[in-house]
Amino acid sequence: MIQYLGHAVLYMKTKNTSIVTDPWFSKKGAYESTWFQYPDNTDIDFSWIDGLNYVCISHEHEDHCDIEFLKKLNPSTKIVTANFINKRYVNLLKDNLVNEIIEVDDRTTFELGDVKYTPMIQIPMGQEDSAMIFEMNGEIIVNFNDMKPSQKDLDWIKKRYEVDYLLKQYSGASWYPLVYDYDDDKMYDLCRDKRLFKYQVILNVINELNPKFYIPFAGPPCFLQNDTYHINFLVENTFPSEADIYNFFKENHPSISEKFMVLMPGDSVGDDWKDNLQHECFTDKVGYLKKYKDRREHVIKEALSKIEKVDYSLWRKCIKYFYPLMRSAPRLCENIGGSVLLNVSGNYEEKIIIDFVNKTVKHFNDEEYFYEFDIQGKWLNHILENKMTWEEFFLTLGFKARRKPDMYNEHLMAFLKLADPVSYKEYEDFHFDELEEEMFDLKFNGKDYKCQRYCPHAKGDMSKGKIIDGKIVCPTHNWKFSLPDGQCVTNKSKLIIEAI
Ligand code: FES
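Residues numbered from 1 in each chain as written. Predicted model: local features only at pLDDT ≥ 70, side-chain atom pairs only at ≥ 80, totals over all residues. Heavy atoms only, no water.

Some details on the overall build of the protein
Working step 1: For the protein, the helix and strand inventory stands at 15 helices and 23 strands.
Working step 2: Computed over its C-alpha atoms, the radius of gyration of the protein comes to 23 Å, within 12% of the 23 Å expected for a compact globule of 500 residues.
Working step 3: Principal axes of the C-alpha set define a box for the protein whose edges measure 65 × 65 × 45 Å.
Working step 4: When each of the 500 residues of the protein is scored for burial, the buried share is 58%.
Working step 5: A separation threshold of at least 6 residues defines the contact pool for the protein, and within that pool the share at least 24 residues apart is 63%.
Working step 6: A total accessible area of about 21600 Å² is found for the protein, and carbon and sulfur atoms account for 48% of it. (Helix = DSSP H or I, 4+ residues; strand = E, 2+ residues; numbered from the N terminus. Rg over C-alpha atoms; globule rule 2.2 N^0.38 Å. Buried < 20%, exposed > 50% of the residue type's maximum accessible area, 1.4 Å probe, protein only. Contact = heavy atoms within 4.5 Å. Areas by Shrake-Rupley, 256 points an atom, 1.4 Å probe, with all protein chains shown as cover.)

What follows is the structure, given as structure tokens:
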């Protein structure tokens, strides 16, 4: 039996094994109550909890790893996760739980009773994540949750499995472009492009793996705090609902839409699900969220009151935080290649500049910078005291950002999101070591070229990329590289392209 329990949670039961994946049931939501489950899954039937054998967790994000819930588990329930190089998240589990924690190596099958579990770790992109492949009662469940598989990952799965159920995030779970200072038209276009691109990724993965069923999964969240409540209702945004993606596929890819199952918390796979499209959360989002917001008002107030207000300079704390990290990652800092300005607001206002080239942290004095964050002192302090990661803070959407030029700097994001010397080393080895590149033949404007096969971002297969308007587009995350020079149009990455 496979039951959907909301967001990225599955309950799976065989004759003698029961498993829950990526639990998120907290009435406090996640990320200091800036995110909430949509639809609300906090009042489902939890009668299975005492007899639960395993909890499988894909990664450390709070909306997949609800520590308060895990503390309620029977001590005999085992926690299972991929064996990541960075131990921050496993240590967090160990510090909070008495339960045995099992770490399973990448692409290694481990038996959980009569269920086989195989984790697939995402290649280092500045965030640790893993897919979970289950073999259960003769069926294969590939649960990608938020993990972004490369073409090599998809090939690996295709070679080994006939997939029955594919579960994958289709909705944005990111702050781009919503926190950036764009005018309404540009914001609309960027949100639409991002939404359509996410749909395209789902289409690609379905075409590659040809599962019997696809379950839209792992989002979106909803935003119930006053500052971000409007995001739920933007005409075009990066958080489409399950009904939105189903309707899009029904109209544009009708045969693929036949594979869809739109489930509500508590539904089992195989149940007749079409009535779910009439659920109030889809048909009357305004009314549904208004009631939900009222139910969470006291929780949000309490969460906000617990974040310490700051009425002093955070400059010294920034030095203490950034200096050791910058010194542990010289190649990463060199590749970030510039400075970031923090406009700190709140009870103590100041401007702090983090210079990654010279590895210094100073008060701003008109230096050049290429990224700028408007951040409240209380949030910056929360991060500097390691009460929240940068990524968790970014996910709150409670800040503004600007870039000069308007280009993504993935190395900066990796620096902030990883914030750990061991993970930096893994990232640096992956991105900056000179490896012999596999090349493929490319024709452009009637001329023949050899082109680097795997994308410098995360090894998307460029030989499957389309050429649009003089650019080759990576099929994995849509980065575009000009032809024939190979320069990425949105960041400094470059594809090796040689004329033959
Ligand atoms: S792998 Fe991410 S854009 Fe190519």
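Here we look at the packing of aromatic side chains
Aromatic ring pairs are described here by two measures, namely the spacing of the ring centres and the angle between the planes.
Working step 1: Going through the model one piece at a time under the given rule, you end up with 47 aromatic pairs.
Working step 2: Geometry around Y454 places K152 over its ring, the cationic atom sitting 4.3 Å from the centre. (Phe/Tyr/Trp six-rings, centres within 6.5 Å; stacked < 30°, edge-to-face > 60°. Lys NZ or Arg CZ within 6 Å of the ring centre and 35° of its normal.)

Regarding the sheet that holds strand 21 (residues 471-473)
Working step 1: Spatially, the 3 strands line up as an open sheet ordered 20-21-22, and their pairing is antiparallel. Both outer strands of the open sheet, strand 20 (466-468) and strand 22 (480-482), are each paired with one neighbouring strand and no more. With strand direction ignored, the average angle separating the axes of adjacent strands in the sheet is 30°.
Working step 2: Across 3 bridges, strand 20 lies against strand 21 in antiparallel orientation. Looking at strand 21, one finds that K466 is bridged to V473. (Pairing = 2+ DSSP bridges. Axes fitted to C-alpha atoms, helices over the stretch in contact; angles between N-to-C directions.)

Observations regarding the domain arrangement of the protein
Buried accessible area, meaning the area lost when the parts come together, often serves as the stated size of an interface.
Working step 1: Assigned domains within the protein: domain 1 (2-299), domain 2 (315-430) and domain 3 (439-499).
Working step 2: One C-alpha centre belongs to domain 1, the other to domain 2; they are set 29 Å apart.
Working step 3: Listed by partner, the interface residues are 29 residues for domain 1 and 29 residues for domain 2.
Working step 4: Each partner contributes to the roughly 2600 Å² buried at the junction of domain 1 and domain 2, and carbon and sulfur atoms together form 60% of this total. (Domains from an automatic or database assignment. Buried area = accessible area lost by both parts, 1.4 Å probe.)

Some remarks on the sheet that holds strand 19 (residues 447-452)
Working step 1: Spatially, 3 strands are ordered 18-19-23 in an open sheet, and the strand pairing comes out antiparallel. Lying at the two open borders of the sheet, with one neighbouring strand each, are strand 18 (439-444) and strand 23 (497-499). Across the sheet, the mean angle separating the axes of adjacent strands is 30° when strand polarity is ignored.
Working step 2: As paired strands, strand 18 and strand 19 are joined by 6 bridges and run antiparallel to one another. Across the sheet, residue L442 finds its bridge partner in strand 19, namely Y449.

A closer look at the packing of helix 10 (residues 315-328) against helix 12 (residues 377-384)
Working step 1: Here helix 10 crosses helix 12 at 35°, and the two axes come no closer than 10 Å. Judged by the twist between their axes, the crossing of helix 10 over helix 12 is left-handed. Along its contact with helix 10, which presents K317, C318 and Y321, the element helix 12 presents L380, N381, I383 and L384.
Working step 2: Residue composition of the contact of helix 10 with helix 12, grouped by class: 5 nonpolar, 1 polar and 1 charged. (Left-handed = near helix turned anticlockwise from the far one by under 90°. Nonpolar A, V, L, I, M, F, W, Y, C, P; charged D, E, K, R; others polar.)

Focus on the pairing of strand 6 (residues 101-104)
Along any regular strand, the residues point their side chains to alternate faces of the sheet.
Working step 1: When strand 5 (residues 78-82) meets strand 6, the two strands line up parallel, connected through 4 bridges. Directly across from T81, in strand 6, lies its bridge partner E103.

Quick look at the pattern of salt bridges
Working step 1: One pass over the full model with this rule turns up 32 salt bridges.
Working step 2: Note that R107 is salt-bridged to D106, the shortest N-O span being 3.3 Å.
Working step 3: D181 is the partner of R402 in a salt bridge, and the nearest nitrogen-oxygen pair spans 2.6 Å. Linking R402 in strand 17 (residues 400-403) with D181 in the loop between strand 11 (165-169) and helix 4 (184-209), this pair joins segments that are 221 residues apart in sequence.
Working step 4: Residue classification places D181 among the partly exposed positions, given a relative accessible area of 44%.
Working step 5: Within this structure, D155, K158, E208 and K464 form a network of salt bridges that share partners. (Salt bridge = Lys/Arg side-chain N within 4 Å of Asp/Glu carboxyl O.)

Description of the packing of helix 14 (residues 410-418) against helix 15 (residues 421-432)
Working step 1: For the pair helix 14 and helix 15, the least separation of the axes is 10 Å and the interaxial angle reads 160°. Between helix 14 and helix 15, the angle falls in the class roughly antiparallel. As for the relative orientation of helix 14 and helix 15, their crossing is right-handed in sense. Of the residues in helix 15, those in contact with E410, H411, A414, F415 and L418 of helix 14 are S423, Y424, Y427, H431 and F432.
Working step 2: Residue classes in the contact of helix 14 with helix 15 are distributed as 6 nonpolar, 3 polar and 1 charged. (Parallel < 35°, antiparallel > 145°, perpendicular 65-115°, else oblique.)

Remarks on the pairing of strand 9 (residues 130-136)
Working step 1: Most of strand 9 sits out of view: 6 of its 7 residues are buried.
Working step 2: Pairing of strand 8 (residues 115-121) with strand 9 involves 6 bridges; the strand directions are antiparallel. Bridge pairing in strand 9 places Y117 opposite F134.
Working step 3: Note that strand 9 and strand 10 (residues 139-145) share 5 bridges and pair antiparallel. What sits directly across from M136, in strand 10, is E139.
Working step 4: As consecutive antiparallel partners, strand 9 and strand 10 are separated by 2 residues, and within that stretch N137 has a phi angle of approximately 50°, a positive value.

Comments concerning helix 12
Working step 1: The buried fraction of helix 12 amounts to 8 of the 8 residues, a majority that puts the element mostly inside the structure.
Working step 2: All of the buried residues along helix 12 are G377, K378, W379, L380, N381, H382, I383 and L384.
Working step 3: Taken together, the buried residues of helix 12 touch helix 10, strand 13 (339-345), strand 16 (371-376) and helix 13 (390-395).
Working step 4: Taken from the residues just after helix 12, N386 is the one with a positive phi, measuring 60°.

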